[in-house]
Amino acid sequence: QVQLVESGGGLVQPGGSLTLSCAASGSIFSISAMGWHRQAPGSKRELVAHITSDGNTNYTNYADSVKGRFTISRGNAKNTVYLQMNSLKPEGTAVYYCNTVLKTSILSKPWSYWGQGTQVTVSS
């Protein structure tokens, strides 16, 4: 019943910027965390950024490789998350996946859900 839809991927030159969006929909009771992972060709999927919520307070976490260049944020619609990517490097080329940790009802356990991924290619 839960689906995540990513958008914003594409081709960008090194040093350029791109913003990814992800919207979660379906049977959502509460969302405790949203984030982005990426998987480059021949590599394992790795964490890019997470944002967790405690009431109205958000906490962010970034991979060392993207600190200072990427920014994760929650949208005004709380089931939406963005990843602003600046100063993109060729090694940033990967499929980027949206991830959420949520409960589908008040009695359910928190569970992790994944989007289908969006391709980001950094090349001149």
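Here, every reference points to the structure presented above.
These numbers were taken from a predicted model, which means no experiment stands behind them.

What counts, and where the lines are drawn
- Residues numbered from 1 in each chain as written.
- Predicted model: local features only at pLDDT ≥ 70, side-chain atom pairs only at ≥ 80, totals over all residues.
- Heavy atoms only, no water.
- Core = buried A, V, L, I, M, F, W, Y, C linked by side-chain atoms within 4.5 Å.
- Buried < 20%, exposed > 50% of the residue type's maximum accessible area, 1.4 Å probe, protein only.
- Helix = DSSP H or I, 4+ residues; strand = E, 2+ residues; numbered from the N terminus.
- Contact = heavy atoms within 4.5 Å.
- Disulfide = S-S within 2.5 Å.
- Lys, Arg positive; Asp, Glu negative; His and termini not counted.
- Salt bridge = Lys/Arg side-chain N within 4 Å of Asp/Glu carboxyl O.
- Polar contact = N/O pair within 3.5 Å; in protein donor to acceptor, adjacent residues only side chain to side chain.

(A) Region of the structure containing the nonpolar core. Judged by nonpolar contacts, the single largest core of 28 residues is most densely connected at Trp36, Leu83, Met85 and Tyr96. At the level of secondary structure, the elements contributing two or more residues to this core comprise strand 3 (18–25), strand 4 (30–39), strand 5 (46–54), strand 7 (70–74), strand 8 (80–85), strand 9 (94–103) and strand 11 (118–122). If sequence neighbours within four positions are ignored, Tyr96 has contacts with Glu6, Leu20, Trp36, His37, Arg38, Val48, Phe70, Leu83, Met85, Gly117, Thr118 and Val120.

(B) Fine view of the state of the cysteines. Tallied over the full model, the rule gives 1 disulfide. One disulfide bridge connects Cys22 with Cys98, the sulfur atoms lying 2.0 Å from each other. Taking the torsion about the sulfur-sulfur bond, which here is approximately -85°, the covalent link between Cys22 and Cys98 counts as left-handed. One end of the pair, Cys22, is in strand 3; the other, Cys98, is in strand 9, with 76 residues separating them in the sequence. Residues Cys22 and Cys98 agree in their burial class; the two are buried.

(C) Fine view of the side chain of Glu6. Relative to the assigned elements, Glu6 resides in strand 1 (residues 3–7). Buried charge Glu6 goes without a salt bridge, the closest partner of opposite sign being Arg45 at 7.9 Å. Engagement of the side chain of Glu6 in a polar contact is seen with the backbone nitrogen of Gln116, the distance being 3.1 Å. In terms of polar contacts, Glu6 uses its side chain to reach the backbone amide nitrogen of Gly117, at 3.0 Å.

(D) Geometry of the pattern of salt bridges. For the coordinates displayed, the defined rule picks out 2 salt bridges. Its salt-bridge partner being Arg38, residue Glu46 comes within 2.9 Å of it at the nearest N-O pair. Using a relative accessible area of 7% as the deciding quantity, one classes Arg38 as buried. Note that Lys67 is salt-bridged to Asp64, the shortest N-O span being 3.1 Å. On the accessibility criterion, Asp64 (65% relative accessible area) is exposed.

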